[in-house]
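One letter stands for each residue in the lines below.
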Amino acid sequence: MSNVVIADHEFGSRLFTGTGKYASAETMIASLVASESELVTLSLRRMDLQNNSDNILQPLQRQGMKLLPNTSGARTAKEAIFAAQLAREALQTNWVKLEIHPDPRYLMPDGMETLLAAEELVKQGFVVMPYVHADPVLCKRLEEVGCQCVMPLGSPIGSNMGLASRPFLEIIIEQSNVPVIVDAGIGAPSDAALALEIGADAVLVNTAMAVAQDPQAMAQAFRMAVIAGRMAYEAGLGEKQVKAQASSPLTEFLGALS
Amino acid sequence: MSERLTIHLNDQEHQFVGRTLQNLLDDLGREQQGIAIAVDQQVVPKSRWVHTELTSGSQVYIFESIAGG
(Lines give C-alpha, C1' and ligand atoms only; values in the text may rest on other atoms or scores of the structure.)
Protein backbone atom coordinates (compact mmCIF):
# COMPACT_ATOMS: atom_id res chain seq x y z
CA MET A 1 0.00 0.00 0.00
CA SER A 2 1.37 3.38 -0.92
CA ASN A 3 2.01 6.21 1.55
CA VAL A 4 0.59 9.71 1.34
CA VAL A 5 3.03 12.56 0.72
CA ILE A 6 2.31 16.17 1.64
CA ALA A 7 4.95 18.82 0.99
CA ASP A 8 7.66 16.12 0.66
CA HIS A 9 6.72 14.62 4.03
CA GLU A 10 5.71 10.98 3.79
CA PHE A 11 3.08 9.61 6.17
CA GLY A 12 2.78 5.88 6.79
CA SER A 13 -0.76 6.33 8.07
CA ARG A 14 -3.61 7.90 6.14
CA LEU A 15 -5.45 8.57 9.39
CA PHE A 16 -4.87 12.09 10.67
CA THR A 17 -6.33 12.94 14.05
CA GLY A 18 -7.46 15.82 16.21
CA THR A 19 -6.64 16.09 19.90
CA GLY A 20 -9.81 17.82 21.12
CA LYS A 21 -12.77 16.61 23.19
CA TYR A 22 -11.05 13.74 24.99
CA ALA A 23 -11.99 13.16 28.63
CA SER A 24 -8.33 13.46 29.66
CA ALA A 25 -4.90 14.05 28.19
CA GLU A 26 -3.94 10.45 29.05
CA THR A 27 -6.91 9.03 27.15
CA MET A 28 -6.16 11.27 24.20
CA ILE A 29 -2.54 10.20 23.98
CA ALA A 30 -3.33 6.51 24.44
CA SER A 31 -5.98 6.73 21.72
CA LEU A 32 -3.74 8.52 19.25
CA VAL A 33 -1.02 5.95 19.85
CA ALA A 34 -3.59 3.20 19.16
CA SER A 35 -4.66 4.98 15.98
CA GLU A 36 -1.04 4.98 14.70
CA SER A 37 -1.74 8.46 13.36
CA GLU A 38 1.38 10.41 12.41
CA LEU A 39 -0.20 13.86 12.07
CA VAL A 40 -2.19 15.40 14.91
CA THR A 41 -3.85 18.79 15.15
CA LEU A 42 -3.61 21.28 17.99
CA SER A 43 -5.13 24.67 18.72
CA LEU A 44 -3.82 27.85 20.26
CA ARG A 45 -5.53 29.99 22.85
CA ARG A 46 -4.62 32.85 25.10
CA MET A 47 -2.71 31.42 28.03
CA ASP A 48 -4.77 30.96 31.15
CA LEU A 49 -2.60 32.84 33.63
CA GLN A 50 -4.44 31.45 36.64
CA ASN A 51 -4.22 27.76 35.83
CA ASN A 52 -1.53 25.54 34.39
CA SER A 53 -2.81 23.47 31.49
CA ASP A 54 -1.87 19.87 30.73
CA ASN A 55 1.37 19.61 28.85
CA ILE A 56 0.36 17.57 25.85
CA LEU A 57 3.15 18.57 23.47
CA GLN A 58 5.95 16.46 24.86
CA PRO A 59 4.01 13.18 25.02
CA LEU A 60 2.84 13.69 21.43
CA GLN A 61 6.31 14.56 20.17
CA ARG A 62 7.78 11.61 22.06
CA GLN A 63 5.52 9.37 19.97
CA GLY A 64 7.04 10.88 16.82
CA MET A 65 3.79 12.52 15.78
CA LYS A 66 3.95 15.57 13.57
CA LEU A 67 2.06 18.47 15.09
CA LEU A 68 -0.34 20.45 12.94
CA PRO A 69 -1.57 23.70 14.49
CA ASN A 70 -4.93 24.98 13.35
CA THR A 71 -6.24 28.53 13.13
CA SER A 72 -9.43 27.68 14.97
CA GLY A 73 -11.08 30.79 16.35
CA ALA A 74 -10.12 32.93 13.36
CA ARG A 75 -13.11 34.63 11.71
CA THR A 76 -11.26 36.48 8.95
CA ALA A 77 -8.21 36.02 6.73
CA LYS A 78 -6.34 38.63 8.76
CA GLU A 79 -6.98 36.79 12.03
CA ALA A 80 -6.05 33.46 10.48
CA ILE A 81 -2.73 34.81 9.17
CA PHE A 82 -1.93 36.14 12.64
CA ALA A 83 -2.93 32.82 14.22
CA ALA A 84 -0.71 30.94 11.75
CA GLN A 85 2.26 33.17 12.58
CA LEU A 86 1.70 32.57 16.30
CA ALA A 87 1.34 28.84 15.74
CA ARG A 88 4.58 28.76 13.76
CA GLU A 89 6.37 30.21 16.76
CA ALA A 90 4.58 28.10 19.34
CA LEU A 91 5.13 24.77 17.63
CA GLN A 92 8.16 25.58 15.48
CA THR A 93 6.46 24.38 12.31
CA ASN A 94 5.49 26.08 9.09
CA TRP A 95 2.57 23.68 8.63
CA VAL A 96 -0.87 25.04 9.33
CA LYS A 97 -4.40 23.75 9.11
CA LEU A 98 -6.19 26.84 7.87
CA GLU A 99 -9.70 27.10 9.20
CA ILE A 100 -11.80 30.23 9.23
CA HIS A 101 -15.33 30.09 10.54
CA PRO A 102 -17.14 33.31 11.27
CA ASP A 103 -20.25 31.53 12.51
CA PRO A 104 -19.88 29.70 15.85
CA ARG A 105 -23.22 27.89 15.50
CA TYR A 106 -22.52 25.77 12.45
CA LEU A 107 -18.76 26.36 12.13
CA MET A 108 -19.08 26.66 8.36
CA PRO A 109 -15.77 27.53 6.73
CA ASP A 110 -15.62 30.88 4.94
CA GLY A 111 -14.29 30.03 1.49
CA MET A 112 -13.50 33.56 0.38
CA GLU A 113 -11.49 34.43 3.47
CA THR A 114 -9.79 31.03 3.33
CA LEU A 115 -8.62 31.62 -0.24
CA LEU A 116 -7.27 35.08 0.65
CA ALA A 117 -5.44 33.75 3.72
CA ALA A 118 -4.12 30.70 1.87
CA GLU A 119 -2.56 32.81 -0.87
CA GLU A 120 -0.80 35.06 1.66
CA LEU A 121 0.35 32.20 3.89
CA VAL A 122 1.82 30.31 0.92
CA LYS A 123 3.79 33.47 0.07
CA GLN A 124 5.04 33.55 3.65
CA GLY A 125 6.37 30.02 3.30
CA PHE A 126 3.67 28.04 5.07
CA VAL A 127 2.53 24.56 4.14
CA VAL A 128 -1.16 25.37 3.98
CA MET A 129 -3.82 22.72 4.59
CA PRO A 130 -7.14 24.48 4.10
CA TYR A 131 -10.38 23.22 5.65
CA VAL A 132 -13.22 24.09 3.28
CA HIS A 133 -16.62 23.09 2.02
CA ALA A 134 -16.62 20.25 -0.48
CA ASP A 135 -16.53 22.85 -3.25
CA PRO A 136 -14.62 21.59 -6.30
CA VAL A 137 -14.14 25.11 -7.71
CA LEU A 138 -12.74 26.44 -4.45
CA CYS A 139 -10.50 23.41 -4.00
CA LYS A 140 -9.05 24.01 -7.47
CA ARG A 141 -8.43 27.67 -6.66
CA LEU A 142 -6.68 26.71 -3.43
CA GLU A 143 -4.47 24.29 -5.32
CA GLU A 144 -3.65 27.03 -7.84
CA VAL A 145 -2.51 29.48 -5.13
CA GLY A 146 -0.13 26.82 -3.78
CA CYS A 147 -1.90 24.87 -1.05
CA GLN A 148 -0.17 21.53 -0.49
CA CYS A 149 -3.45 19.68 -0.03
CA VAL A 150 -7.15 20.41 0.39
CA MET A 151 -9.37 19.38 3.29
CA PRO A 152 -13.00 19.34 2.20
CA LEU A 153 -15.64 18.49 4.78
CA GLY A 154 -17.76 15.35 4.73
CA SER A 155 -20.48 16.99 6.84
CA PRO A 156 -20.56 19.66 9.60
CA ILE A 157 -17.77 19.50 12.21
CA GLY A 158 -18.56 17.12 15.04
CA SER A 159 -21.86 16.05 13.47
CA ASN A 160 -20.88 12.39 12.87
CA MET A 161 -23.06 12.52 9.74
CA GLY A 162 -20.46 10.96 7.46
CA LEU A 163 -19.91 11.76 3.80
CA ALA A 164 -22.99 13.90 3.14
CA SER A 165 -20.92 15.71 0.52
CA ARG A 166 -19.90 12.55 -1.35
CA PRO A 167 -20.78 13.59 -4.94
CA PHE A 168 -18.73 16.77 -4.53
CA LEU A 169 -15.88 14.94 -2.82
CA GLU A 170 -15.71 12.62 -5.82
CA ILE A 171 -15.33 15.57 -8.21
CA ILE A 172 -12.65 17.12 -5.99
CA ILE A 173 -10.76 13.82 -5.83
CA GLU A 174 -11.07 13.28 -9.57
CA GLN A 175 -9.59 16.64 -10.52
CA SER A 176 -7.14 17.38 -7.69
CA ASN A 177 -3.38 17.39 -8.20
CA VAL A 178 -2.74 17.68 -4.46
CA PRO A 179 -3.77 15.22 -1.74
CA VAL A 180 -7.41 15.36 -0.69
CA ILE A 181 -8.04 14.86 3.00
CA VAL A 182 -11.65 14.46 4.06
CA ASP A 183 -12.08 16.41 7.27
CA ALA A 184 -15.08 16.84 9.52
CA GLY A 185 -18.20 14.78 9.97
CA ILE A 186 -16.60 11.34 9.80
CA GLY A 187 -18.64 9.58 12.45
CA ALA A 188 -17.81 5.89 12.05
CA PRO A 189 -14.96 3.76 10.74
CA SER A 190 -17.18 2.87 7.77
CA ASP A 191 -17.29 6.58 6.81
CA ALA A 192 -13.49 6.68 6.90
CA ALA A 193 -13.24 3.49 4.86
CA LEU A 194 -15.65 4.90 2.29
CA ALA A 195 -13.66 8.11 1.97
CA LEU A 196 -10.53 6.10 1.22
CA GLU A 197 -12.40 3.73 -1.12
CA ILE A 198 -13.56 6.63 -3.28
CA GLY A 199 -9.96 7.83 -3.53
CA ALA A 200 -9.44 10.36 -0.76
CA ASP A 201 -5.77 10.39 0.21
CA ALA A 202 -6.44 10.59 3.94
CA VAL A 203 -9.05 11.47 6.54
CA LEU A 204 -8.94 13.62 9.64
CA VAL A 205 -10.91 12.24 12.57
CA ASN A 206 -11.44 13.75 15.99
CA THR A 207 -14.90 13.70 17.55
CA ALA A 208 -15.83 10.16 16.57
CA MET A 209 -12.80 8.80 18.39
CA ALA A 210 -12.78 11.24 21.31
CA VAL A 211 -16.39 10.79 22.36
CA ALA A 212 -16.58 7.00 21.92
CA GLN A 213 -17.23 4.99 25.06
CA ASP A 214 -13.84 3.39 24.53
CA PRO A 215 -11.73 5.87 22.56
CA GLN A 216 -8.72 3.57 22.37
CA ALA A 217 -10.71 0.75 20.82
CA MET A 218 -12.41 3.19 18.45
CA ALA A 219 -9.01 4.51 17.43
CA GLN A 220 -7.97 0.98 16.46
CA ALA A 221 -11.20 0.53 14.54
CA PHE A 222 -10.46 3.70 12.57
CA ARG A 223 -6.89 2.59 11.96
CA MET A 224 -8.10 -0.65 10.42
CA ALA A 225 -10.90 1.03 8.45
CA VAL A 226 -8.50 3.46 6.83
CA ILE A 227 -6.14 0.64 5.87
CA ALA A 228 -9.06 -1.40 4.49
CA GLY A 229 -10.43 1.56 2.54
CA ARG A 230 -7.13 2.41 0.93
CA MET A 231 -6.36 -1.21 0.19
CA ALA A 232 -9.73 -1.58 -1.52
CA TYR A 233 -9.12 1.57 -3.56
CA GLU A 234 -5.73 0.35 -4.73
CA ALA A 235 -7.11 -3.12 -5.43
CA GLY A 236 -9.77 -1.60 -7.70
CA LEU A 237 -13.44 -1.92 -6.81
CA GLY A 238 -15.81 -3.68 -9.18
CA GLU A 239 -18.35 -1.67 -11.15
CA LYS A 240 -21.87 -1.34 -9.77
CA GLN A 241 -24.51 -3.15 -11.87
CA VAL A 242 -28.28 -3.03 -11.92
CA LYS A 243 -28.70 -6.63 -13.08
CA ALA A 244 -27.57 -9.69 -11.16
CA GLN A 245 -24.40 -11.37 -12.34
CA ALA A 246 -23.92 -14.87 -10.99
CA SER A 247 -20.80 -15.62 -9.06
CA SER A 248 -21.26 -19.35 -9.69
CA PRO A 249 -21.66 -20.82 -13.14
CA LEU A 250 -25.34 -21.45 -13.93
CA THR A 251 -25.27 -25.01 -15.18
CA GLU A 252 -28.08 -27.43 -15.71
CA PHE A 253 -26.70 -30.07 -13.38
CA LEU A 254 -29.86 -30.18 -11.20
CA GLY A 255 -32.12 -30.41 -14.22
CA ALA A 256 -32.39 -34.17 -13.81
CA LEU A 257 -34.41 -33.71 -10.60
CA SER A 258 -37.31 -31.98 -12.28
CA MET B 1 16.50 45.14 37.15
CA SER B 2 14.57 45.70 40.35
CA GLU B 3 12.08 48.19 38.91
CA ARG B 4 8.53 47.13 38.38
CA LEU B 5 6.87 47.64 35.02
CA THR B 6 3.12 47.76 34.41
CA ILE B 7 1.90 46.30 31.14
CA HIS B 8 -1.29 44.79 29.71
CA LEU B 9 -0.98 41.02 29.67
CA ASN B 10 -3.79 39.10 27.97
CA ASP B 11 -6.05 42.11 28.51
CA GLN B 12 -5.28 42.38 32.24
CA GLU B 13 -3.06 44.94 33.91
CA HIS B 14 0.07 43.17 35.07
CA GLN B 15 3.17 44.16 37.00
CA PHE B 16 6.50 42.42 36.90
CA VAL B 17 10.12 43.02 37.82
CA GLY B 18 12.41 43.67 34.87
CA ARG B 19 12.26 45.17 31.38
CA THR B 20 12.35 42.50 28.73
CA LEU B 21 9.90 39.93 27.49
CA GLN B 22 12.16 37.21 28.84
CA ASN B 23 12.08 38.90 32.29
CA LEU B 24 8.28 38.79 32.13
CA LEU B 25 8.27 35.10 31.25
CA ASP B 26 10.73 34.24 33.99
CA ASP B 27 8.61 36.22 36.41
CA LEU B 28 5.50 34.29 35.38
CA GLY B 29 7.32 31.01 35.88
CA ARG B 30 5.24 29.21 33.28
CA GLU B 31 6.09 26.57 30.68
CA GLN B 32 7.98 28.28 27.86
CA GLN B 33 7.65 25.46 25.33
CA GLY B 34 4.71 25.53 22.95
CA ILE B 35 3.89 29.17 23.52
CA ALA B 36 3.85 32.22 21.25
CA ILE B 37 3.90 35.88 22.13
CA ALA B 38 2.65 39.01 20.45
CA VAL B 39 3.65 42.48 21.60
CA ASP B 40 1.62 45.39 20.27
CA GLN B 41 0.06 43.16 17.59
CA GLN B 42 3.39 41.80 16.34
CA VAL B 43 4.49 38.21 16.78
CA VAL B 44 7.86 38.12 18.55
CA PRO B 45 10.01 35.08 17.68
CA LYS B 46 11.52 33.19 20.59
CA SER B 47 15.02 34.25 19.57
CA ARG B 48 14.06 37.87 20.26
CA TRP B 49 12.43 37.43 23.66
CA VAL B 50 15.63 38.38 25.52
CA HIS B 51 16.11 41.49 23.38
CA THR B 52 12.53 42.74 23.33
CA GLU B 53 12.16 45.61 25.76
CA LEU B 54 8.69 46.32 27.09
CA THR B 55 7.48 49.73 28.09
CA SER B 56 4.77 50.90 30.42
CA GLY B 57 1.44 50.02 28.80
CA SER B 58 2.84 47.49 26.29
CA GLN B 59 0.12 45.14 25.06
CA VAL B 60 1.37 41.61 25.50
CA TYR B 61 -0.52 38.47 24.56
CA ILE B 62 0.78 35.04 25.40
CA PHE B 63 -0.73 32.05 23.63
CA GLU B 64 -0.40 28.39 24.49
CA SER B 65 -1.00 25.18 22.57
CA ILE B 66 -4.01 23.19 23.64
CA ALA B 67 -5.92 20.18 22.40
CA GLY B 68 -8.09 20.82 19.38
CA GLY B 69 -9.36 19.36 16.12
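See the structure above.
Anyway, here's the lowdown on the structure attached to this text. What you see is a predicted model, and the numbers here were worked out from it, not measured in a lab. For every chain, the first residue of the written sequence is number 1, and numbering continues from 1 along that sequence. Ligands are numbered from 1 and chains lettered from A, in the order in which they are written. Thresholds applied to this predicted model are a pLDDT of at least 70 for local features of residues and 80 or more for the giving and counting of side-chain atom pairs; totals over whole chains, interfaces and linings are not thresholded and use all residues.

1. Here's the deal with the overall build of chain B
1) Next: Runs of H or I in DSSP of at least four residues are treated as helices and runs of E of at least two as strands, each being numbered from the N terminus. The secondary structure content of chain B amounts to one helix and five strands.
2) Next: When its helices and strands are written in sequence order, chain B yields β-β-α-β-β-β.
3) Next: For this measure, only C-alpha atoms enter the radius of gyration; the expected value for a globule follows 2.2 Å times N^0.38, where N is the number of residues. The C-alpha radius of gyration of chain B comes to 12 Å, within 12% of the 11 Å expected for a compact globule of 69 residues.
4) Next: Seen through its C-alpha atoms, chain B measures out along the principal axes to roughly 40 × 20 × 20 Å.
5) Next: Note on burial: count the other C-beta atoms lying within 10 Å of the residue's C-beta; 20 or more is buried, 12 or fewer is exposed, in between is partly exposed, and C-beta positions come from the backbone. Looking at chain B as a whole, 29% of its 69 residues qualify as buried.
6) Next: C-beta atoms are placed from the backbone for every residue, and two residues are taken to be in contact when these atoms lie within 7 Å. Once local pairs closer than 6 in sequence are excluded, the contacts in chain B between residues at least 24 apart make up 49%.

2. Some thoughts on the overall build of chain A
1) Next: Of the regular secondary structure elements, chain A holds nine helices and 10 strands.
2) Next: Summarising its shape, the C-alpha atoms of chain A cover approximately 85 × 40 × 35 Å along the three principal directions.
3) Next: Counting every position in chain A, which comprises 258 residues, the buried fraction comes to 48%.
4) Next: The contacts in chain A between residues at least 6 apart in sequence include a share of 63% that link residues at least 24 apart.

3. Digging into the interface of chain A and chain B
1) Next: Facing 26 residues of chain A, the contacting portion of chain B comprises 20 residues.
2) Next: Every element with two or more residues in the side of chain A that touches chain B is listed here: strand E4 (39–46) and helix H3 (77–91) of chain A.
3) Next: Think of it this way: DSSP has to see at least two bridges between two strands before they count as a pair. With five bridges joining them, E4 of chain A and strand E5 (residues 59–67) of chain B adopt antiparallel strand pairing. Within E5 of chain B, the position partnered with Arg-45 of chain A by the bridge is Glu-64 of chain B.

4. Topic: the pairing of strand E3 (residues 15–18) of chain A
Residue and element names in this part refer to chain A.
1) Next: Of the two faces of E3, the one holding Leu-15 and Thr-17 and the one holding Phe-16 and Gly-18 are both buried throughout.
2) Next: Note that E3 and strand E10 (residues 202–205) share three bridges and pair parallel. In the strand pairing of E10, Phe-16 is matched with Leu-204.
3) Next: One ladder, built from two bridges, connects E3 with E4; its direction is parallel. Paired with Gly-18 across the strands is Thr-41, a residue of E4.

5. Notes on the packing of helix H7 (residues 189–197) of chain A against helix H9 (residues 215–235) of chain A
Residues and elements named next belong to chain A.
1) Next: Axes, fitted as lines to C-alpha atoms, cover a helix only where it is in contact. Angles between the N-to-C directions of the axes lie from 0 to 180 degrees. Interaxial distance between H7 and H9 falls to 7 Å at its minimum, and their mutual angle equals 25°. On the basis of the axis angle, H7 is roughly parallel to H9. You can see that H7 and H9 cross each other, and the crossing is right-handed. Every residue of H9 that contacts H7 at Pro-189, Ser-190, Ala-192, Ala-193, Leu-194, Ala-195, Leu-196 and Glu-197 is listed here: Ala-221, Phe-222, Ala-225, Val-226, Ala-228, Gly-229, Arg-230, Ala-232 and Tyr-233.
2) Next: Each residue gets one label: Ala, Val, Leu, Ile, Met, Phe, Trp, Tyr, Cys and Pro are nonpolar, Asp, Glu, Lys and Arg are charged, and the others, such as Gly, are polar. Each residue belonging to the contact of H7 with H9 can be placed in one class, and the counts come to 13 nonpolar, two polar and two charged. Here roughly perpendicular refers to angles of 65 to 115 degrees, roughly parallel to angles under 35, roughly antiparallel to angles over 145, and oblique to all remaining angles. Note: crossing handedness is left-handed where the near helix turns anticlockwise from the far helix by less than a right angle, and right-handed where it turns clockwise.

6. Topic: the pairing of E5 of chain B
All names here are of chain B.
1) Next: Looking at chain direction, strand E1 (residues 4–9) and E5 are connected through two bridges and run parallel. By the bridge assignment, His-8 is partnered in E5 with Gln-59.
2) Next: Relative to E5, strand E3 (residues 35–39) is paired through five bridges, and the arrangement is antiparallel. Opposite Val-39, over in E5, you have Val-60 as the bridge partner.

7. Some thoughts on unusual backbone geometry
1) Next: The phi torsion at Asp-8 of chain A lies on the positive side, around 65°, for a residue other than glycine.
2) Next: Turning to its location among the elements, Asp-8 of chain A is positioned in the loop between strand E1 (4–6) and strand E2 (9–11).
3) Next: Positive phi values are uncommon outside glycine, yet Gln-41 of chain B reaches one of about 70°.
4) Next: Mapped onto the elements of the fold, Gln-41 of chain B is located in the loop between E3 and strand E4 (42–44).

Without other data, these values stay purely geometric and don't point to any function.
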